[in-house]
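# Architecture and fold: a report
The lines below spell out each chain.
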Amino acid sequence: MPERDQTQDFVFDYWPTGQCDMQCPFCYGAQVPDFAKYIPSSDGQKKVNMYSPSAETILLTSSIEPRPELDLDQSKQVLRLMRSVGGSIITVAGGEPLLRPETPRILSFAKQELGMIVYLSTDGSFVLNRYPEFNEQIDVMGLPLDGSSIEINERMGRRPYLYNNIRKILGYFREFPPSHIVKVGTVMSKINYDDIANIGRLLFRNPELRSPDVWRLYQFEKIGRGEQNANDYYISNDEFEAKSNEIVQLFPEIDIRPRSNETHLNAYFFVTPDGMLQVVDSSHHVSIADLTSMSTDNLTSLITNYQLTISRANENRDWLETPRK
């Protein structure tokens with residue numbers, strides 16, 4: 001992994017597309033077609049259900065026309081702008097980023113031309129088919145697994161094939177060890193609460209699979225689609241902390257990184273598929289800039305007002321320093 005320049009230690013997420021083969025009921029990432037549905041508000045600003053049916057976002061733009069996803073050249077322009085103000089670590093997510101044909105070229109641009117640390121977050125559906133296109137262009141791959149069986153993953157809202165896809169990928173990495181870090185993320189909810197230990201045994205006690213370098217436990221959040229489905233999934237802060245502590249004790253040799261809802265708040269910069277820069281405020285994503293029309297000087301001035309977000313974002317992603325197994 002490239003050496004990090006502490007003077008440019010700035011983490012952000014880029015969603016190159018809202019397309020996704022999953023329809024997870026707790027998703028708060030980019031989704032199609034919701035991101036283009038604008039709603040006028042009483043205060044004269046423009047609000048939009050951006051990337052989820054329920055999360056209203058304040059836009060700092062006067063336009064109410066639907067905006068398409070950035071093309072490749074526009075994507076490069078926005079990433080170059082983010083790099084110029086200190087963005088040195090990029091998470092490429094979505095949607096499902098590998099559904100976009102140009103994503104490997106975006107990964108290569110970020111790593112080779114901008115010198116970024118590149119983290120690809122994917123649901124795994126297209127990894128093995130496209131792996132030769134991008135495997136040398138990433139430093140980290142993040143994969144989801146929310147149950148120790150197909151059934152529990154389905155009950156969590158994942159497609160039936162996700163479970164086998166993740167096993168195939170980890171099996172492939174067992175045979176052909178990757179040069180990048182492998183992270184598996186698990187959303188913890190009331191549905192899979194009693195299965196978390198079994199997921200750990202599958203990931204770290206199965207000789208057929210390459211164990212991930214990092215296991216992240218995410219508390220279910222009432223944000224995006226999760227706001228509509230909270231009754232089925234919600235667990236309290238105390239429940240999340242208790243289960244996380246239990247899992248850490250069960251697997252003391254594993255790098256386990258729980259992320260509570262409290263640590264998610266104001267801890268991310270998101271660049272949306274149409275080029276808006278967002279932060280997380282309470283249960284909403286709030287757009288703070290239109291990167292397609294902003295100068296470096298103006299963005300630099302804006303970013304200086306978000307030092308707490310930068311600090312929390314870096315703390316939230318400090319696991320990127322994990323040595324590869």
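Remember, it's a predicted structure, so these values are computed and weren't measured experimentally.

## Regarding the pairing of strand β7 (residues 140–144)
Most of β7 is tucked away, with five of its five residues classed as buried. Where burial is concerned, the two faces of β7 agree: the one with Val-140, Gly-142 and Pro-144 and the one with Met-141 and Leu-143 are both buried. Of the pairings in the sheet, the one linking strand β6 (residues 117–121) to β7 comprises three bridges and is parallel in character. Among the inter-strand pairings, Tyr-119 is bridged to a residue of β7, identified as Val-140. Sheet analysis places β7 next to strand β8 (residues 181–188), joined by five bridges and oriented parallel. Bridging across to β8, Val-140 finds its partner in Ile-181.

## Some details on the side chain of Arg-216
When you line up the elements, Arg-216 lands in strand β9 (residues 214–219). Here the side chain of Arg-216 touches Asn-316 through a polar contact of 3.1 Å, landing on its backbone oxygen. Beyond its immediate sequence surroundings of up to four residues, Arg-216 is in contact with Lys-183, Val-184, Gly-185, Thr-186, Arg-257, Pro-258, Arg-259, Asn-316 and Trp-319.

## Overview of the packing of aromatic side chains
Per the stated rule, a full pass over the model turns up twelve aromatic pairs. Seen from their ring centres, Tyr-172 and Phe-176 are 5.0 Å apart, and the 40 degrees between their planes marks the pair as tilted. According to the relative accessible area criterion, Tyr-172 is partly exposed, its value standing at 30%. With 6.3 Å between their ring centres and 70 degrees between their planes, Phe-269 and Tyr-306 make a pair best called edge-to-face. In this pair, Phe-269 sits in strand β11 (residues 269–271) while Tyr-306 sits in the loop between α11 (296–303) and α12 (307–316), placing the two residues 37 residues apart along the sequence. Among the aromatic residues, those joined into a cluster by ring pairs are Tyr-131, Phe-134, Tyr-172, Phe-173 and Phe-176.

## Thoughts on the pattern of salt bridges
Applying the stated criterion across every chain, the model contains 13 salt bridges. Asp-139 is the partner of Lys-111 in a salt bridge, and the nearest nitrogen-oxygen pair spans 2.9 Å. With Lys-111 in helix α2 (residues 103–113) and Asp-139 in the loop between α3 (127–134) and β7, the pair connects residues that are 28 residues apart, well separated along the chain. One network of salt bridges, with partners in common, ties together Asp-255, Arg-257 and Asp-318.

## Focus on helix α6 (residues 196–204)
By the criterion of burial, α6 is predominantly enclosed, with seven of the nine residues buried. Buried within α6 we find Ile-196, Ala-197, Ile-199, Gly-200, Leu-202, Leu-203 and Phe-204. Buried residues along α6 sit against α5 (162–175), β8, β9 and α9 (237–250).

Parameters at a glance
Residues numbered from 1 in each chain as written. Predicted model: local features only at pLDDT ≥ 70, side-chain atom pairs only at ≥ 80, totals over all residues. Heavy atoms only, no water. Buried < 20%, exposed > 50% of the residue type's maximum accessible area, 1.4 Å probe, protein only. Helix = DSSP H or I, 4+ residues; strand = E, 2+ residues; numbered from the N terminus. Pairing = 2+ DSSP bridges. Polar contact = N/O pair within 3.5 Å; in protein donor to acceptor, adjacent residues only side chain to side chain. Contact = heavy atoms within 4.5 Å. Phe/Tyr/Trp six-rings, centres within 6.5 Å; stacked < 30°, edge-to-face > 60°. Salt bridge = Lys/Arg side-chain N within 4 Å of Asp/Glu carboxyl O.

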